[in-house]
Amino acid sequence: MKSESFLPENYKPAESEPFMNPRQLEYFRRKLLAWKAELIEQSAETLEGLAESGRNVPDLADRASEETDRALELRTRDRQRKLVSKIDAAIRRIDNGEYGFCELTGEPISLKRLDARPIATLTLEAQERHERRERVHRDD
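Residues numbered from 1 in each chain as written. Predicted model: local features only at pLDDT ≥ 70, side-chain atom pairs only at ≥ 80, totals over all residues. Heavy atoms only, no water.

### Here we look at a positive patch on the surface
Logical step 1: On the surface, Arg129, Arg132, Arg133, Arg135 and Arg138 cluster together into a patch of positive charge.
Logical step 2: Following the sequence through the fold, Arg129 ends up in helix H4 (residues 124-139). (Patch = residues over 30% accessible without salt bridge, like charges linked within 9 Å, V, L, I, M, F, W, Y side chains within 5 Å. Areas by Shrake-Rupley, 256 points an atom, 1.4 Å probe, with all protein chains shown as cover. Salt bridge = Lys/Arg side-chain N within 4 Å of Asp/Glu carboxyl O. Lys, Arg positive; Asp, Glu negative; His and termini not counted. Charge placed at Lys NZ, Arg CZ, Asp CG, Glu CD. Helix = DSSP H or I, 4+ residues; strand = E, 2+ residues; numbered from the N terminus.)

### Notes on the pattern of salt bridges
Logical step 1: Tallied over the full model, the rule gives eight salt bridges.
Logical step 2: In this structure, Asp95 and Arg29 form a salt bridge, with 2.8 Å as the shortest nitrogen-oxygen distance. Note that Asp95 is positioned in helix H2 (residues 60-96) and Arg29 in helix H1 (residues 22-52), a separation of 66 residues in sequence.
Logical step 3: For Lys31, the salt bridge is made with Asp115, and the minimal N-O distance between the two is 2.9 Å. With Lys31 in helix H1 and Asp115 in helix H3 (residues 111-116), the pair connects residues that are 84 residues apart, well separated along the chain.
Logical step 4: Here Lys31 falls in the partly exposed class, since its relative accessible area comes to 27%.
Logical step 5: With relative accessibility at 21%, the residue Asp115 sits in the partly exposed group.
Logical step 6: Salt bridges sharing partners connect three or more residues here, namely Glu26, Arg29, Arg30 and Asp95. (Buried < 20%, exposed > 50% of the residue type's maximum accessible area, 1.4 Å probe, protein only.)

This is the structure in structure tokens:
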């Protein structure tokens, strides 16, 4: 699907239309691309900030505070990098015709869930089961 596809300005996917029709796919593609662009812009700002803060601070307390801020920025940037790769994977699923369907059950993922979390790969029920299993194994 090309991004030039017609999409009304205030379009929101509706349960009443066929699931993952061309309009819905284009809506989610645009949403994912906008999110990715925003994350990349934030990453660039983070890098600029880190480059500017590379000064030598004589006060130990100030230096420790700056190092803590720097570590937090780097963790945030790493999370953003991982999120960008999940966004890229979601766009590939759109291209492959697999977007919107649960990886475990093959059932459609609700439009509300996809609108809130467009990188979702599991239905809400499958995600809850996965998290319960994770919690049980983590407690072992």
